[in-house]
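# Fold and contact review
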Amino acid sequence: MTKYSFMLLSALVFVFNACNQKGEGGGETTSGTLSAKEFKAKIDANPAITVVDVRTPEEFAGGHLPNAHNIDWNSNGFENKIDGFERDKPILVYCLSGGRSADAAQKMRSFGFTQVFELDGGMMKWRAEGLPETTAETPKSTGMSRQQFDELLNSEKLVLVDFYADWCAPCKKMAPFLEEIKTEKANKVDLVRINTDDNPELAQQLGIEGLPTLLLFKNKTLVWQNVGYVGKEEVEKQLN
């Protein structure tokens, strides 16, 4: 066996062993993302399973999974707040669309949690599937109705709808140039910005499953849509 072959074989053995290493408590490390229905199935199979909602308290109050613990990912001391959970027991983590829960799950794994499962698409996917949620004590704000939304499309101009959230980094990055477009093309385009946290039912009805989402309407007909960050040049291209 050549020196190169030996080194390659050693590397493969190392990777194999790493992939099969045991977590704390002697169990195999198990983690990953689950669809909304798979996420619910885990909860149904074990009602006592730990569920962590890493959104803000305001988001949590607007609607959350039953029996979920609210630990804001962006708050100080996230590590201290999760310290009380057992590291070798399954734990389910979710946010609105999946970004924050992915970061939180990665942090938890680095702290020795061996069975961390993320809700793919977050509450947006959960709501899109029509799965149950609950609120703190006050009724969940439904926000804009579908009828009100449809009325906004009654325009001779193009209507550009921006579904966003205050915590969404790409949304914040796009906001300034969307406002520029609103001013520069005022005679051609109406810009409507809708906060998904304040309008969860409308987002569900329109199938909004990721942020930011841009919808472009012409004569009440959807002619273009984009999920995720997109630059000003591309948006203007669609408006011309």
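Residues numbered from 1 in each chain as written. Predicted model: local features only at pLDDT ≥ 70, side-chain atom pairs only at ≥ 80, totals over all residues. Heavy atoms only, no water.

### Some points on helix H5 (residues 99-110)
The cut-off we apply is this: Helix numbers and strand numbers start at the N terminus; a helix is a DSSP run of H or I with at least 4 residues, a strand a run of E with at least 2. How far a helix is expected to stretch is found by multiplying one less than its residue total by 1.5 Å. Each residue's exposure class comes from its accessible area (1.4 Å probe, protein chains only) as a fraction of the maximum for that residue type: buried when under 20%, exposed when over 50%, partly exposed otherwise. Note that the arc is computed from the directions linking the helix axis to the C-beta atoms.
Its 12 residues place the ends of H5 17 Å apart at the C-alpha level, agreeing with the 16 Å of an ideal helix rising 1.5 Å per residue. All of the buried residues along H5 are Arg100, Ser101, Ala104, Ala105 and Met108. Looking straight down H5, one finds its buried side chains confined to an arc of 130°; they lie on one side. More than 90 degrees from the buried face of H5, the exposed residues found are Gln106 and Ser110. Gly112 sits one or two residues past H5 and shows a positive phi near 100°.

### Brief notes about helix H2 (residues 36-45)
All of the buried residues along H2 are Ala36, Phe39 and Ile43. The arc that holds the buried residues of H2, viewed along the axis, is 65°, so those residues lie on one side. Within H2, the exposed residues directed more than 90 degrees away from the buried face are Lys37 and Ala45.

### Things to note about the sheet that holds strand S7 (residues 189-195)
Stated formally: Between any two strands, at least two bridges found by DSSP are needed for them to pair. Convention adopted: a line fitted to C-alpha atoms gives each axis, helices being fitted over their contacting stretch, and angles between N-to-C directions are expressed from 0 to 180 degrees. Every residue pair with non-hydrogen atoms within 4.5 Å of one another is taken to be in contact.
As summarised here, the arrangement of the four strands in space is S7-S6-S8-S9, forming an open sheet in which the pairing is mixed. A strand with exactly one partner marks an edge of an open sheet, and here the two such strands are S7 and strand S9 (221-227). With direction set aside, neighbouring strand axes in the sheet form an average angle of 20°. For strand S8 (residues 213-218) and S9, the ladder comprises six bridges, and the chain directions are antiparallel. Note on S9: the bridge partner recorded for Leu215 is Gln225. Packed on one face of the sheet, helix H8 (residues 169-184) meets strand S6 (158-164), S7 and S8 and runs near 155° to S7. Of the strands in this sheet, S6, S7, S8 and S9 are in contact with helix H10 (residues 232-239), which crosses S8 at around 15°.

### A word on the pairing of S8
In regular strands, side chains alternate between the two faces of the sheet. The element S8 is extensively covered by neighbouring structure, given that five of its six residues are classed as buried. By the bridge criterion, five bridges tie S6 to S8 in an arrangement that is antiparallel. Counted as the bridge partner of Leu160 is Leu216 from S8. The hairpin formed by S8 and S9 contains two residues between the paired strands, and Asn219 there has a positive phi angle of roughly 55°.

### What to know about the environment of Leu216
Its location among the elements puts Leu216 in strand S8. Look at Leu216 and you get buried, because its relative accessible area is 2%. Distance in space between the C-alpha atoms of Leu216 and Leu160 is 4.6 Å, their sequence separation being 56 residues.

### Observations concerning the pairing of strand S4 (residues 91-94)
Test applied: By convention a crossover is right-handed if, when the strands point away from the viewer, the path from the first strand over the helix to the second runs clockwise.
In S4, alternate side chains face the same way, and those of Ile91 and Val93 on one face and Leu92 and Tyr94 on the other are all buried. Relative to S4, strand S2 (residues 50-53) runs parallel, the two sharing four bridges. When the sheet's bridge partners are listed, Val52 is paired in S4 with Val93. Bridging between S4 and strand S5 (residues 115-119) involves three bridges; their strand directions are parallel. Paired with Val93 across the two strands is Glu118, which belongs to S5. Read from S4 through H5 to S5, the crossover connection turns out right-handed.

### Some details on the pattern of salt bridges
Charged atoms that come close allow side chains of opposite charge to pair. Quick note on the threshold: Salt-bridge detection follows one rule: a side-chain nitrogen of Lys or Arg within 4 Å of a carboxyl oxygen of Asp or Glu.
Taken as a whole, this structure holds 14 salt bridges when the rule is applied. Taking the shortest distance from any N to any O, the salt bridge between Lys232 and Glu180 comes out at 2.8 Å. Of this pair, Lys232 sits in helix H10 while Glu180 sits in helix H8; the two residues are 52 residues apart in sequence, bridging distant segments of the chain. Residue Glu180 is classed as partly exposed on the basis of its relative accessible area of 37%. Salt-bridge contacts for Glu184 lead to Lys232; the nearest nitrogen and oxygen are separated by 3.4 Å. Residue Glu184 is located in helix H8, and its partner Lys232 is located in helix H10; the two are separated by 48 residues in the primary sequence. For Glu184, a relative accessible area of 49% corresponds to the partly exposed category. With relative accessibility at 21%, the residue Lys232 sits in the partly exposed group. A cluster of three or more residues bridged by salt bridges with shared partners is formed by Glu180, Glu184 and Lys232.

Function cannot be inferred from these measures alone, as they are strictly geometric.
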